[in-house]
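# Structure assessment
One-letter residues, chain by chain:
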Amino acid sequence: MLPNLDEFNELLKDIWQRKWITNNGHYHKELEKALAEYLKVPYVSLFTNGTLPLITALQALRITGEVITTPYSFVATTHALWWNGIKPVFVDIDWKTGCIDPNKIEAAITPKTTAIMPVHVYGKPCDMKAIQEIADKYGLKVIYDAAHAFGVEVNGSSVLNAGDMSTLSFHATKVYNTIEGGAMVMHDEKTKKRIDYLKNFGFAGETEVVAPGINSKMDEMRSAYGLLNLKQVDAAIEARHQVAIKYREALKDVDGIEYWEDLPGVKHNYSYFPIFVHQKTYGMTRDELYFKMKEQGILGRRYFYPLISDFSTYRNLPSATKENLPVATEMAREVICLPIHHALTDEDIERILNCIIKK
C-alpha cells in the first residue's frame with residue numbers, strides 16, 4: 001500500500017523546510033499519537049523495523065533464562081530471544097488459529113522460565129485470557145508478537161492491550177506499512193520513557209546514558225509516509241475483506257481444501273488468507289499445488305514453512321522435536337497463503353481460484 005505521491009511530496013517539502021530528518025522529529029511525534037488513537041492503545045513507541053521492538057521488549061523487562069514460544073511464526077520471533085541469550089522453548093499450536101496452544105504451556109514451564117512470547121498468527125488473536133492466567137499463576141511476563149495484528153480487536157478492545165507489551169511490524173508486506181518499520185505498545189508512561197531511551201542508545205539526556213541501548217529509531221520520511229498510509233488503511237482492510245469473502249465462497253465445496261472463517265467478536269484485518277491442502281482428499285500435495293500456482297505466475301506463500309524449530313540454529317533444542325509439535329508440523333506441511341491485497345482484481349481472483357479448483 002503506497003500513499004499518494006503528490007501528498008507525500010508535500011510532506012517531504014515540509015521536512016526539507018524543517019531540516020529535521022530523524023531523532024524524534026515532528027512527523028515521528030505525530031505518527032505515534034495518531035497510531036495510539038487509531039489502535040486504541042495508551043502508548044506507542046515507533047521503531048525502524050519489527051524485529052528490534054521484540055529484542056528491546058525483552059531487554060526492558062529484563063527477561064532471562066527460558067521463554068515459552070511458538071515454532072509457527074516468522075524467524076524474527078525466536079531470533080529476538082537468541083540475540084538476548086534466552087533459550088526458546090517451543091510448544092505446539094491450536095489448529096483453529098495457528099496460535100500457541102495454552103493447554104500445552106504449563107507442562108513446558110521450568111524454574112528457568114521467565115516469560116511467554118505468543119504470536120497472533122495471521123492476525124488471529126491468541127487465547128489471551130488463558131495465557132494471562134498461566135502467566136499470573138507462575139509470575140511470568142507476556143510479550144506478544146503482534147506483527148500481523150494491526151487494528152485487530154476482540155469485542156471492541158485492541159489485542160495490543162494484552163500482556164506486558166506487544167510489538168508490531170510495519171514492513172512493506174503488511175496491511176499497514178511505513179516501508180520498513182515497527183512499533184511497541186506499552187501500558188504506562190514510565191515504560192514508554194524507558195523504551196524511548198533504549199531505542200536511542202540508552203540516552204536520557206545530552207550527557208547521560210542510563211542503559212545499554214540500541215539505535216532503532218524511525219526517521220521523519222517514513223513517519224510522514226506512515227501518516228498518509230494511516231488515512232487509507234481502513235479502505236485497504238475492507239478491500240482485503242472482500243477478497244476473503246470471494247475466496248471462501250468459491251472454495252467452500254472443494255474437497256481437501258480447508259480455510260478459516262472469521263472468529264466471533266473479532267475485528268479482523270485480513271492480512272493473510274491461509275488454505276490447508278489435505279493430500280488424501282484433494283488429490284495433490286501442498287507443494288504440488290504451490291509449484292503449479294507458481295508456474296502460472298501466482299505467488300502463494302508457504303507461510304510458515306519450515307517451522308522455526310526445523311532451522312539449523314534451533315533444531316537441536318529439546319523442545320524442537322516433531323513429536324512435541326505435531327499440530328505445527330502438520331500445519332507447516334499443508335499451508336499456502338493465497339495472494340491477498342487491496343488492489344487484487346476480480347480477474348486476478350478468478351485466475352487464482354481456477355488454478356486451485358480445476359485440478
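You'll find the structure just up there.
Residues numbered from 1 in each chain as written. Predicted model: local features only at pLDDT ≥ 70, side-chain atom pairs only at ≥ 80, totals over all residues. Heavy atoms only, no water.

Residues Leu35, Tyr72, Tyr122, Leu251, Ile275 and Leu289 are the most contacted members of the largest nonpolar core, which totals 103 residues. Here the element with the most residues in this core is helix H7 (residues 220–251); it accounts for twelve residues. Beyond its immediate chain neighbours, meaning those up to four positions away, Leu251 contacts Ile257, Tyr259, Phe273, Ile275, Leu338, Leu353, Ile356 and Ile357. Leu54, Leu61, Ile63 and Ile86 belong to the second largest nonpolar core, which has 22 residues in total. (Core = buried A, V, L, I, M, F, W, Y, C linked by side-chain atoms within 4.5 Å. Buried < 20%, exposed > 50% of the residue type's maximum accessible area, 1.4 Å probe, protein only. Helix = DSSP H or I, 4+ residues; strand = E, 2+ residues; numbered from the N terminus. Contact = heavy atoms within 4.5 Å.)

In this section: the sheet that holds strand S10 (residues 257–259). Strand pairing in a sheet relies on backbone hydrogen bonds. The paired strands run either parallel or antiparallel. With antiparallel pairing, three strands are arranged side by side in an open sheet as S10-S12-S13. This sheet does not close on itself; its edge strands, each paired only once, are S10 and strand S13 (335–338). Within the sheet, the average angular offset between the axes of one strand and its neighbour, ignoring direction, is 35°. By the bridge criterion, four bridges tie strand S12 (residues 273–277) to S13 in an arrangement that is antiparallel. (Pairing = 2+ DSSP bridges. Axes fitted to C-alpha atoms, helices over the stretch in contact; angles between N-to-C directions.)

Along its 14 residues, helix H1 (residues 5–18) runs 20 Å from first to last C-alpha, staying within 8% of the 20 Å computed at 1.5 Å per residue. For H1, the complete set of buried residues consists of Phe8, Leu11, Leu12 and Ile15. Buried residues of H1, seen end-on, are gathered within an arc of 105° and therefore sit on one face of the element. Of the residues in H1, the exposed ones pointing more than 90 degrees away from the buried face are Asp6, Lys13, Trp16 and Gln17. Contacts made by the buried residues of H1 are with helix H2 (26–39) and H7. Backbone geometry just downstream of H1 places Lys19 in the positive-phi region, at approximately 60°. (Expected span 1.5 Å × (residues − 1). Arc of directions from axis to C-beta.)

What follows is about the pattern of salt bridges. What the rule picks out here adds up to 20 salt bridges. In this structure, Glu153 and Lys267 form a salt bridge, with 3.9 Å as the shortest nitrogen-oxygen distance. Highlighted residues: Glu153 in strand S6 (residues 153–154) and Lys267 in strand S11 (residues 266–267), separated in sequence by 114 residues. Note on Lys267: relative accessible area 42%, which makes it partly exposed. Beyond isolated ion pairs, a larger network of salt bridges with shared partners links Glu32, Lys192, Asp196 and Lys199. (Salt bridge = Lys/Arg side-chain N within 4 Å of Asp/Glu carboxyl O.)

We now examine the layout of surface pockets. In this model, the largest pocket occupies a volume close to 740 Å³. If you trace the largest pocket, you find 37 residues lining it, with Thr173, Lys174, Tyr272, Arg301 and Tyr303 closest to the centre. Elements that contribute at least two residues to the lining of the largest pocket include exactly helix H4 (76–83), strand S8 (165–169), H7 and S13. Here the lining of the largest pocket takes three residues from S8, the largest share from any one element. Its residues placed into classes, the lining of the largest pocket shows 18 nonpolar, 14 polar and five charged. (1 Å grid on protein atoms, 1.4 Å probe; cavity = no way out; pocket = protein on both sides within 12 Å on 5 of 7 lines; lining within 4 Å. Points joined across faces, edges and corners; volume = space filled by probe spheres on them. Nonpolar A, V, L, I, M, F, W, Y, C, P; charged D, E, K, R; others polar.)

Taken together, the seven strands give an open sheet; going across it, the order is S1-S9-S8-S5-S4-S2-S3, and neighbouring strands pair in mixed fashion. Two strands bound the open sheet, and with one partner strand each, they are strand S1 (43–47) and strand S3 (87–90). Ignoring strand direction, the axes of neighbouring strands in this sheet form an average angle of 25°. Taken together, the four bridges between S8 and strand S9 (residues 182–186) define a ladder with antiparallel strand orientation.

Overall, the coordinates contain 20 aromatic pairs when judged by the stated rule. Pairing Phe90 with Tyr314 gives two aromatic rings, centres 6.4 Å apart and planes at 85°, and the pair type is edge-to-face. Of the two residues, Phe90 is situated in strand S3 and Tyr314 in the loop between helix H9 (286–295) and helix H10 (326–334); the sequence distance between them amounts to 224 residues. Note on accessibility: Phe90 and Tyr314 belong to one class, buried. Following the ring pairs from residue to residue traces out a cluster consisting of Tyr72, Trp95, Tyr122, Trp260, Tyr272, Phe276, Tyr303 and Phe304. Here the guanidinium or amino end of Lys199 rests over the ring plane of Phe47, the centre of that ring lying 5.5 Å away. It is Arg286 that lies over the ring of Tyr305; its NZ or CZ is 4.5 Å from the centre. (Phe/Tyr/Trp six-rings, centres within 6.5 Å; stacked < 30°, edge-to-face > 60°. Lys NZ or Arg CZ within 6 Å of the ring centre and 35° of its normal.)

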